[in-house]
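Descriptive structure summary
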Amino acid sequence: MKRISIDMGSGVTKIYMPGCGVVLMEATCIAVEEYEEGGEKVLSVKAYGDKARALSGRSAVNTHIVNPVFEGDIVNEKLASLLLEYYLEKIEITRKKAKRVEAVFILPCGANSELKQKYMRIAEECGLASVYFTVTPFAAILGHNVSISESTPMFVLDIGHSITNIAALSQDGIIYGLTVNLGGSNIDVHIIDELAENNNLKIGALTAEKLKNTVGSLLHDDNKMNVVEGREVTTGTPASIAVNSEQIYGVITTYIDKILEYVELALKKLPAEVASGVMHGGIYLSGGLMKLDGLAEYIEEKLNIPVNLPEEPQLASVIGGGTILANDYLLDRLAVVE
């Protein structure tokens, strides 16, 4: 029986296979063409994943780029099923082979039974043999390659594409946790608005994300620069400008500071003994946004609490899910079957 860990994030889907590592990491989006046939609207898939995402802002009028997962929720089960089936086939898990595959899905903190049922239906559509669920905080901790203690509490901050998971936990379960609808995509939108308002330049979502990842920095002395191409807001003509780290520093910190307010709220909700344990053990960071230069240091300085950052923060959760699958004891303690 083959086992895989699946993290269908709002921005990126990742699949991990014990013994092989991360075998897939692609955009959670699909390009569909809409047309009429016999008086009815018909959808036809044009592209999946990264190829679909590359069409954003460049597609024909009747082609739509759809994100079937939004803010941690599955908003289009049919397209999510098609996308997952496509990804499974990419890693050579055909529908026939899927009958011998066990999968653990990584869900947001506090995921309800309705969301789990959506994943169950998607897994059934893809022909997966059996399904388990775990939540991001547990998976993210294990992605740090550390053990979850039965007695010593641990604290996780996972900032993803459109949601942030915040939780204090032990092996007995979540002590206090919440999911906030804030993430990297909010920064992307704000960057688009910032350049339009202050630089008269209209850019797309892909350009904004690239700018955030290449120029974005929270280091005080960083001054990376990149040339951004778009069109003038007033005339619509093609234009380009140079953008440096300082110009988008305030945009990034606006959302990071808001997220840290929720972290401080969570810390204040903890019992004194748990809070003391967190102060000593530090906060475990994960999620794609943690790749930004200086972000870990910024969080540590703002909260005055030590932080722990893995080498690949964007992969921590899916790797942790694989760790759970590879250990029957962890599978029994940290994963559930719905």
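Numbering of residues starts from 1 in every chain and runs along the sequence as written. Where totals are concerned, whole chains, interfaces and linings use all residues; where local detail is concerned, this predicted model gives features only for residues with pLDDT of at least 70, and gives and counts side-chain atom pairs only at 80 or more. To get the side-chain values, all heavy atoms of the structure are used, and hydrogens and water are removed first.

Attention shifts here to the sheet that holds strand 13 (residues 173–180). Strand pairing is defined by DSSP finding a minimum of two bridges between the two strands. Helix and strand labels come from DSSP, where a helix needs a run of H or I of at least four residues and a strand needs a run of E of at least two; each type is numbered from the N terminus. Spatial ordering of the open sheet is given by 13-12-11-17-18, a layout of 5 strands whose pairing is mixed. At either end of the open sheet lies a strand with only one pairing partner, and these are strand 13 and strand 18 (307–308). For strand 11 (residues 154–159) and strand 17 (residues 283–286), the ladder comprises 4 bridges, and the chain directions are parallel. Counterpart to Val156 in the pairing with strand 17 is Tyr284.

Moving on to a nonpolar patch on the surface. Here a patch means residues that are over 30% exposed by relative accessible area and free of salt bridges, tied together within 9 Å if like-charged and within 5 Å if nonpolar (Val, Leu, Ile, Met, Phe, Trp, Tyr). For every accessible area listed, the method is Shrake-Rupley and the probe measures 1.4 Å; residues are considered covered only by the protein chains on display. Salt bridge, as applied in this entry: a Lys or Arg side-chain nitrogen positioned within 4 Å of an Asp or Glu carboxyl oxygen. A contiguous nonpolar patch, built from Val12, Val22 and Met25 and spanning about 210 Å² of accessible area, is present on the exposed surface. Looking at where Met25 falls in the secondary structure, it is placed in strand 3 (residues 21–27). Three labels apply to residues, based on accessible area from a 1.4 Å probe with only protein chains included: buried if under 20% of the type maximum, exposed if over 50%, partly exposed otherwise in between. Under the relative-accessibility criterion, Met25 is labelled partly exposed at 42%.

On to the packing of helix 2 (residues 77–90) against helix 4 (residues 113–126). Interaxial distance between helix 2 and helix 4 falls to 9 Å at its minimum, and their mutual angle equals 50°. Classified by the angle their axes make, helix 2 and helix 4 are oblique. Here helix 2 runs over helix 4; the crossing is right-handed. On the side of helix 2, the interface is formed by Glu77, Ala80, Ser81, Leu84, Glu85 and Leu88, while helix 4 contributes Lys118, Arg121, Ile122, Glu125 and Cys126. Here the contact of helix 2 with helix 4 is built from residues that sort into 5 nonpolar, 1 polar and 5 charged. Where helices are involved, their axes are fitted lines through C-alpha atoms of the stretch in contact, as for all axes, and angles between N-to-C directions lie from 0 to 180°. Any angle that falls under 35 degrees is termed roughly parallel, while one over 145 is termed roughly antiparallel, one within 65 to 115 roughly perpendicular, and all others oblique. Should the near helix be turned counterclockwise from the far one by less than a right angle, the crossing is left-handed, whereas a clockwise turn marks it as right-handed. A contact between two residues is defined here by any heavy atoms of the two lying within 4.5 Å. In this classification, the charged set is Asp, Glu, Lys and Arg, the nonpolar set is Ala, Val, Leu, Ile, Met, Phe, Trp, Tyr, Cys and Pro, and all remaining amino acids, among them Gly, are polar.

In this model helix 6 (residues 184–199) runs 22 Å from its N-terminal to its C-terminal C-alpha over 16 residues, within 8% of the 22 Å that 1.5 Å per residue would give. Taken together, the buried positions of helix 6 are occupied by Gly184, Ser185, Ile187, Asp188, Ile191, Ile192 and Leu195. Taken down its axis, helix 6 places every buried residue within 160° of arc, on the same side. Next to the buried residues of helix 6 lie strand 14 (201–202), helix 7 (205–215), strand 16 (238–244) and helix 8 (245–269). Helix span, as expected, comes to 1.5 Å for every residue beyond the first. By construction, the arc corresponds to the directions joining the helix axis to the C-beta atoms.

Counting buried positions over the 7 residues of strand 9 (residues 101–107) gives 7, a clear majority of the element. With burial as the criterion, each face of strand 9 is covered, one bearing Val101, Ala103, Phe105 and Leu107 and the other bearing Glu102, Val104 and Ile106. By the bridge criterion, 6 bridges tie strand 9 to strand 10 (residues 130–135) in an arrangement that is parallel. Note on strand 10: the bridge partner recorded for Ala103 is Val131.

Quick look at the nonpolar core now. The definition of a nonpolar core used throughout is a set of buried Ala, Val, Leu, Ile, Met, Phe, Trp, Tyr and Cys residues joined through side-chain atoms within 4.5 Å. Membership of the largest hydrophobic core comes to 45 residues, with the highest contact counts inside it found for Phe155, Leu157, Ile191, Val263, Ile283 and Ile299. With 9 residues, the single largest contributor to this core is helix 8. Those residues within four positions of Val263 in sequence are excluded, and the remaining contacts are Phe155, Leu157, Ile166, Ile283 and Leu303.

In this structure, strand 15 (residues 225–232) lies alongside strand 16, joined through 7 bridges in antiparallel fashion. In the sheet register, Gly230 faces strand 16, and the bridge partner there is Ala239. Between the antiparallel neighbours strand 15 and strand 16 lie 5 residues, among them Gly236 with a positive phi of about 80°.

A full pass over the atoms with the stated rule returns 13 salt bridges. Lys224 is the partner of Asp222 in a salt bridge, and the nearest nitrogen-oxygen pair spans 3.9 Å. By relative accessible area, which is 24% here, Lys224 ends up partly exposed. The salt bridge involving Lys224 is made with Asp293; its shortest N-O contact spans 2.7 Å. Of the two residues, Lys224 sits in the loop between helix 7 and strand 15 while Asp293 sits in the loop between strand 17 and helix 10 (295–303), which places them 69 residues apart along the sequence. Under the relative-accessibility criterion, Asp293 is labelled partly exposed at 34%. Several salt bridges converge on common partners, so that one network encompasses Arg3, Glu102 and Asp328.

A word on unusual backbone geometry. Non-glycine residue Asn145 carries a positive phi angle of around 65°. Its place among the elements puts Asn145 in the loop between helix 5 (136–143) and strand 11. Backbone geometry at Asn200 places phi at a positive 55°, although glycine is not the residue there. Tracing the backbone shows Asn200 in the loop between helix 6 and strand 14. Looking at Asn200, the relative accessible area reads 26%, which means it is partly exposed.

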